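What follows is the residue order along each chain.
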Amino acid sequence: MTVRVGVIGAGWIGTEHIRRLTHTVTGARVTAVTDLDADRAARAAGPVGARVLPDGAAVVAAGDVDAVLVTSWGPTHAGHVLAAVAAGKPVFCEKPLATTAEDCLRIVEAEQARGRRLVQVGFMRRYDAGYRQLKEVIDAGRIGTPLIVHCAHRNPGVPDTYTSDMAALDTAVHEVDVLRWLLDDEIVSAQVVLPRATRHRAAHLKDPQIMLFETAKGVRIDLEVFVNCRYGYDIQCEAVGEEGLARLPDPAAVAVRGAGQHTTPVPTDWVARFQDAFDTEFREWIAGIAAGEAPTGPSAWDGYAATAITTATVEALNSGAVVTTDLKPRPAFYGGAA
Ligand SMILES: NC(=O)C1=CN([C@@H]2O[C@H](COP(=O)(O)OP(=O)(O)OC[C@H]3O[C@@H](n4cnc5c(N)ncnc54)[C@H](O)[C@@H]3O)[C@@H](O)[C@H]2O)C=CC1
Ligand SMILES: O=C1[C@@H](O)[C@H](O)[C@@H](O)[C@H](O)[C@H]1O
């Protein structure tokens, strides 16, 4: 079976995913595209033979759309996801699931009312080979009980439109999701401390930021978010346990010895760093739909937790206090307590 996908939002990542679904993933075809900018939709749809539709509602309703991909701006996600759930169609939503915890819970309730999982959230790190190896090591007990996790999320630069709250909402949200999954644990509080600011930031931006999280089981996580680090796109994660330590591998790259140096390249952006993870994420999503199975990736509940935790982190940034995340209890539908 070929899964026919309708895409809402043909910007940067939407175009990347259309290319991926067309040329990399087998068993999928993009049949419909919409964007607020009709020219952009046409540029994305034309080369893959898809129709341009007027809006998200038309994509969800289209007879030749089996599954919906939401890659529009964050504040519009909830409306499109709720429409897809109401239509009973599988929907993949790029992060965030919604920009408020309340809207995420509306999706969670709508999905439960439908009685089966339809929603997957685009937290692609769960599909990264390195993170999967790290999880295998932790789950096998090879470092003993995890106690501390040290992380860094560095971007070489960001546009001036990037604001201080986006360090949590847009950037750290990936660690929030992947650490909950890695540790099989829940984040219960957040704090943000600010080191000396880089002179390479926009004047309004607090950069870098150090986020401190505590989990229900008492693990402490420190996460450096540094979005003007200049030198590359660098993702680090090191878990310290009672019996050992496990570190996320850097992506494989040729080491060069020359001119008196030994060097390996650092990726320059998230597209290059997580290309393979995005491919695996979509291969598994499409294969699951083709097999008539419920999605196994990050759920609407994970989307809710990520938004609630990053919202608490912004509150911590603005107040300087330790802020509890106050998550609702996880419903049995999503596997019960973490
Ligand atoms: N998983 C990841 O690592 C990444 C995820 N993202 C997420 O993907 C989403 C899109 O990001 P970008 O592609 O960078 O943004 P973008 O601004 O390049 O593209 C968004 C597109 O959606 C369109 N759009 C907005 N609202 C719409 C609506 N209601 N209906 C139809 N079209 C609409 C805009 O006209 C624009 O073309 C964001 O939620 C972002 O957080 C972005 C980058 C990386
Ligand atoms: O999702 C992403 C962007 O939206 C965000 O702005 C970047 O900081 C992240 O590294 C990237 O993975």
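Rules and cut-offs
Residues numbered from 1 in each chain as written. Chains lettered and ligands numbered in written order. Predicted model: local features only at pLDDT ≥ 70, side-chain atom pairs only at ≥ 80, totals over all residues. Helix = DSSP H or I, 4+ residues; strand = E, 2+ residues; numbered from the N terminus. Contact = placed C-beta atoms within 7 Å. Near = placed C-beta within 6 Å. Nonpolar A, V, L, I, M, F, W, Y, C, P; charged D, E, K, R; others polar. Pairing = 2+ DSSP bridges. Buried ≥ 20, exposed ≤ 12 C-beta atoms within 10 Å, placed from the backbone. Right-handed = clockwise from strand over helix to strand, strands pointing away. Core = buried A, V, L, I, M, F, W, Y, C linked by C-beta atoms within 7 Å. Domains from an automatic or database assignment. UniProt positions renumbered as here; feature names shortened; annotations may be inferred.

Trainee: I'd like a description of the overall build of the chain, backed by residues and values.
Mentor: Scanning the chain for helices and strands turns up nine helices and 15 strands. By its C-alpha atoms, the chain is 55 × 55 × 45 Å across when sized along the principal axes. Taking the intrachain contacts of the chain between residues at least 6 apart in sequence as the baseline, contacts between residues at least 24 apart amount to 71%.

Trainee: Hey, could you go over the environment of alanine 140 for me, with residue numbers and the actual values?
Mentor: Here alanine 140 lies in the loop between α6 (129-139) and β7 (146-154). In sequence terms alanine 140 and glutamate 224 are 84 residues apart; their C-alpha atoms lie 27 Å from each other.

Trainee: Provide a residue-level description of the site of ligand 1, including the pertinent values.
Mentor: Around ligand 1, a shell composed of 24 residues is seen, among which Gly9, Gly11, Trp12, Ser72 and Glu94 lie nearest. Here the element with the most residues in the shell around ligand 1 is helix α1 (residues 12-23); it accounts for three residues. Tallied by class, the residues present in the shell around ligand 1 amount to eight nonpolar, 10 polar and six charged.

Trainee: Tell me what's going on with the site of ligand 2, and back it up with residues and numbers.
Mentor: Contacts to ligand 2 come from Asn155, Asp170, Thr171, His174, Val227 and Trp270. The element that contributes the greatest number of residues to the shell around ligand 2 is helix α7 (residues 166-183), accounting for three residues. Taken together, the residues of the shell around ligand 2 break down into two nonpolar, three polar and one charged.

Trainee: Go over the pairing of strand β11 (residues 234-241), please, and point to the residues and values.
Mentor: Sheet topology places β7 next to β11; eight bridges connect them, and they run antiparallel. Bridging across to β11, proline 146 finds its partner in glycine 241. Relative to strand β12 (residues 245-247), β11 is paired through three bridges, and the arrangement is antiparallel. Bridging across to β12, valine 240 finds its partner in leucine 245. What sits between β11 and β12 in their antiparallel hairpin is a turn of three residues.

Trainee: Requested: an account of the pairing of strand β2 (residues 28-34), with residues and values cited.
Mentor: With six of seven residues buried, β2 lies mostly within the body of the structure. Examined bridge by bridge, strand β1 (residues 3-8) and β2 share six bridges and lie parallel to one another. Paired with arginine 4 across the strands is arginine 29, a residue of β2. In the classification by handedness, the crossover that spans β1, the intervening α1 and the parallel β2 is right-handed. The pairing of β2 with strand β3 (residues 51-52) spans two bridges and is parallel. Across the sheet, residue valine 33 finds its bridge partner in β3, namely valine 52. Between the parallel elements β2 and β3, the chain passes through helix α2 (residues 38-45) in a crossover that is right-handed.

Trainee: Hey, could you go over the environment of proline 267 for me, with residue numbers and the actual values?
Mentor: As for its placement among the helices and strands, proline 267 is situated in the loop between β14 (261-263) and α8 (270-290). Separated by 251 residues in the primary sequence, proline 267 and glutamate 16 have C-alpha atoms spaced 17 Å apart. With residues up to four places along the chain from it excluded, the contact list for proline 267 reads Gly232, Tyr233, Pro251, Ala272 and Arg273.

Trainee: Please set out the nonpolar core residue by residue, giving values where relevant.
Mentor: Membership of the largest hydrophobic core comes to 95 residues, with the highest contact counts inside it found for Val68, Val81, Val91 and Ile107. For this core, the element with the most residues is helix α9 (residues 300-319), which contributes 11 residues. The residues that make up this core include at least three from each of domain 1 (3-121) and domain 2 (126-267 + 303-334). For valine 81, the contacting residues outside a window of four places in its chain are Val70, Val91, Cys93, Leu97, Ile107 and Val119.

Trainee: Can you tell me about the UniProt feature "domain: Gfo/Idh/MocA-like oxidoreductase C-terminal" (unreviewed entry) in the chain, naming the residues and giving the values?
Mentor: Mapped onto this structure's residue numbering, the UniProt feature "domain: Gfo/Idh/MocA-like oxidoreductase C-terminal" (unreviewed entry) falls at residues 135-324. Annotation note: span residues 135-324, helix share 34%, strand share 26%, distance between end C-alpha atoms 26 Å.

Trainee: Run through the environment of leucine 212, naming residues and quoting values.
Mentor: Take leucine 212: it is sitting in strand β9 (residues 209-215). What makes leucine 212 partly exposed here is the crowd of 16 C-beta atoms within 10 Å. Along the primary structure leucine 212 and arginine 117 are separated by 95 residues, whereas in three dimensions their C-alpha atoms are 32 Å apart. When sequence neighbours within four positions are dropped, the list of residues in contact with leucine 212 reads Gln191, Val193 and Asp222.

Trainee: An account of the UniProt feature "domain: Gfo/Idh/MocA-like oxidoreductase N-terminal" (unreviewed entry) in the chain is requested, with residue identities and associated values reported.
Mentor: With numbering matched to this structure, UniProt assigns "domain: Gfo/Idh/MocA-like oxidoreductase N-terminal" (unreviewed entry) to residues 3-123. When the span residues 3-123 is considered, its composition is 41% helix and 21% strand, and the gap between its end C-alpha atoms is 21 Å.

Trainee: Go over the sheet that holds strand β15 (residues 323-324) with me, naming the residues and quoting the values.
Mentor: A sheet is described by the order of its strands in space; here seven strands give the open sequence β12-β11-β7-β10-β9-β8-β15, paired in mixed fashion. Each end of this open sheet is capped by a strand with a single partner; those strands are β12 and β15. Two strands pair when backbone bridges link them, and β7 and strand β10 (residues 220-226) are joined in this way by seven bridges, in the parallel orientation. Counterpart to isoleucine 148 in the pairing with β10 is arginine 220.

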